[in-house]
Amino acid sequence: AFSNDEHTYKPASRLEIDLTGGKVVWEFVERLRVKHNAINHGKGFPNWSAPRFVKKAAMNAIANDCNQYAPSAGLLELRQQIAKETSIKYGDGCTLNEDNVQITNGCFGGLDAAFRAFLNKGDEVVLLEPFFTWYRTQISHWGGVIRPVQLDLEPNLNVWCLNMAKLKAALNDKTRILLLNTPHNPTGFVLSLSQMREIAELLRAFPQVLVVTDQVYDYISAAAVHQFAALSPDTFARTIVCSSASKTFSVTGWRIGWVIAPKKLIQYINFAARASSWAVNTPCQRAMVDILKVAAKPYKGLPSYYEWLNDMYTQKRERIVEAIRQCGMIPIVPSGAFFVMVDVSKYIEILKQKNVLKAVDLADPHTFYDWQFCAWLMETVGVAVIPGSAFFDATKFDKQSDLA
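The rules behind each value
- Residues numbered from 1 in each chain as written.
- Predicted model: local features only at pLDDT ≥ 70, side-chain atom pairs only at ≥ 80, totals over all residues.
- Heavy atoms only, no water.
- Helix = DSSP H or I, 4+ residues; strand = E, 2+ residues; numbered from the N terminus.
- Rg over C-alpha atoms; globule rule 2.2 N^0.38 Å.
- Areas by Shrake-Rupley, 256 points an atom, 1.4 Å probe, with all protein chains shown as cover.
- Lys, Arg positive; Asp, Glu negative; His and termini not counted.
- Charge placed at Lys NZ, Arg CZ, Asp CG, Glu CD.
- Axes fitted to C-alpha atoms, helices over the stretch in contact; angles between N-to-C directions.
- Parallel < 35°, antiparallel > 145°, perpendicular 65-115°, else oblique.
- Left-handed = near helix turned anticlockwise from the far one by under 90°.
- Contact = heavy atoms within 4.5 Å.
- Buried < 20%, exposed > 50% of the residue type's maximum accessible area, 1.4 Å probe, protein only.
- Arc of directions from axis to C-beta.
- Polar contact = N/O pair within 3.5 Å; in protein donor to acceptor, adjacent residues only side chain to side chain.
- Core = buried A, V, L, I, M, F, W, Y, C linked by side-chain atoms within 4.5 Å.
- Pairing = 2+ DSSP bridges.

Peer 1: Where do I start with the overall build of the chain in this structure?
Peer 2: Broken down by element type, the chain carries 13 helices and 13 strands. The C-alpha radius of gyration of the chain comes to 22 Å, within 12% of the 22 Å expected for a compact globule of 404 residues. C-alpha atoms of the chain, sized along the principal axes, occupy 65 × 60 × 50 Å. Entry remark: accessible area of the chain is about 19,500 Å², with carbon and sulfur atoms responsible for 53%. Taken as two groups, the 43 positive and 38 negative side-chain charges of the chain have centres that lie 5 Å from each other.

Spelled out as structure tokens, the structure:
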């Protein structure tokens, strides 16, 4: 009989997964969410329908037989449209064209192509911590080593902030990539224009460093969102911008992403992307051409779809922050994206006093207080959230164990 029992085959060492990140935390939450039929506040995707004009564009593309392979770089019309809109966004006479754009399998695919294209074994990637759990997996897969710079939690204002001295100390001769995710997952932190300029000045001492930006939440932010690549010719020359349609248009399943960079860098990104996925979803690419054009026009009484989207998320953010406060927890109010990290230390102390929580075993993340709190919340209250420590370096165990 066929068996699923353990066997002696071992995967490549690059597939080793850190127990506190990657797939383990998502499996932990999803298993308990399903078991207890909990409301899902833990996974980053919209649970409402995409706008009608978005769905109509996809149906038209399929009906018009846009159903075969697209070029590996992506449909010409889509790359031209993204280049046109990005040129306007960058301003100051910036003129991009289709050769500055690579279509990828979501922003995730763009990031993976960037790491594949430019990391050698032992190269360091400096990134802001906490960080999206899969960054670690992608970077290590291509031989890179993460070097986290932990955001500080300003105690009086209860907001996240970046200590530039920490960032400067992390940069060194081994640094190959500085990964900037702004608006930031999972904190909602947004880099200011002055901070970007300070980072650009720091990088002058490190000409070998490329900047990879993850900008999937560009249109979801209470704070102004600035473009690092547009600061100067120097920042443009070393910046690889990764973005996607997923969150902006509530179509996370379409997997339409893109990379914007100087032509020379895009050549390498194209080759790396092809090695993973020869082409990206053709009808959805074709649909995105029309969608981007409509999104820039007035929508539901506001100057553009993008302004409507940001207003909608602002209202949702305000409601969830107020609900968290009413529950006696402390929300760390985000400036952007659609995440809210919460200080749950009060509840953890209550659960410890009631002997609900067991002792922490640093070798087992399931025993971390935030993981135990999240399990209790799903089982008792029926709400699924992600333990905060999963977004931090696995070797640390301090304040982040009080976050969810």
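Continuing now.
Peer 1: What is the right way to look at the packing of helix α3 (residues 76-90) against helix α10 (residues 282-295) in this model?
Peer 2: Packed helices, taken two at a time, are described by the angle their axes make and the gap between the axes. Running from N to C, α3 and α10 point in directions that differ by 30°, and their axes come no closer than 8 Å. Taken as axis vectors, α3 and α10 run roughly parallel relative to one another. Relative to α10, the crossing made by α3 is left-handed. Contacts between α3 and α10 involve E77, L78, Q81, I82 and E85 on the former and, on the latter, Q285, R286, M288, V289, L292 and K293.

Peer 1: Looking at this structure, how should I read helix α7 (residues 193-203)?
Peer 2: Think of an α-helix as 3.6 residues a turn; residues three or four steps apart then line up on the same face. Listed as buried for α7 are Q195, M196, I199, A200, L202 and L203. Seen from one end, α7 has its buried residues packed into an arc of 160°, which puts them on one side. More than 90 degrees from the buried face of α7, the exposed residues found are S194, R197 and E201. Among the structural elements, α6 (164-170), β7 (175-181), β8 (210-214) and α8 (233-238) are those in contact with the buried residues of α7.

Peer 1: When you look at the side chain of Q215 in this model, what are you seeing that I'm missing?
Peer 2: Here Q215 is to be found in the loop between β8 and α8. Judged by relative accessible area, which is 4%, Q215 ranks as buried. A distance of 2.8 Å separates the side chain of Q215 from the side chain of T213, its partner in a polar contact. Setting aside chain neighbours within four positions, we find Q215 in contact with T182, Q227, V241, C242 and S243.

Peer 1: I would appreciate a short explanation of the nonpolar core in the present structure.
Peer 2: Across soluble globular proteins, nonpolar side chains have a tendency to be buried as a group. Among the nonpolar cores identified, the biggest contains 71 residues, and L78, I240, F249, W254, M288, I291 and Y305 are the most heavily contacted of them. No other element matches α10, which puts 7 residues into this core. In this structure F249 touches A50, P51, F53, V54, M288, I291, L292, A295, Y305 and Y306, once residues within four positions along its chain are discounted.

Peer 1: I'm lost on the pairing of strand β10 (residues 256-260) in this one. Help?
Peer 2: In the case of a regular strand, side chains alternate between the two sheet surfaces. With 5 of 5 residues buried, β10 is to be regarded as a mostly interior element. Judged by which residues are buried, β10 turns out to be covered on both faces: I256, W258 and I260 on one side and G257 and V259 on the other are all buried. Here 5 bridges tie strand β2 (residues 101-105) to β10, and the two strands are oriented antiparallel to one another. Looking at the pairing, T104 lines up with G257 of β10. In this sheet, β10 lies alongside strand β9 (residues 239-244) in antiparallel orientation, the contact comprising 4 bridges. Note that in β10 the partner of S244 across the bridge is G257.

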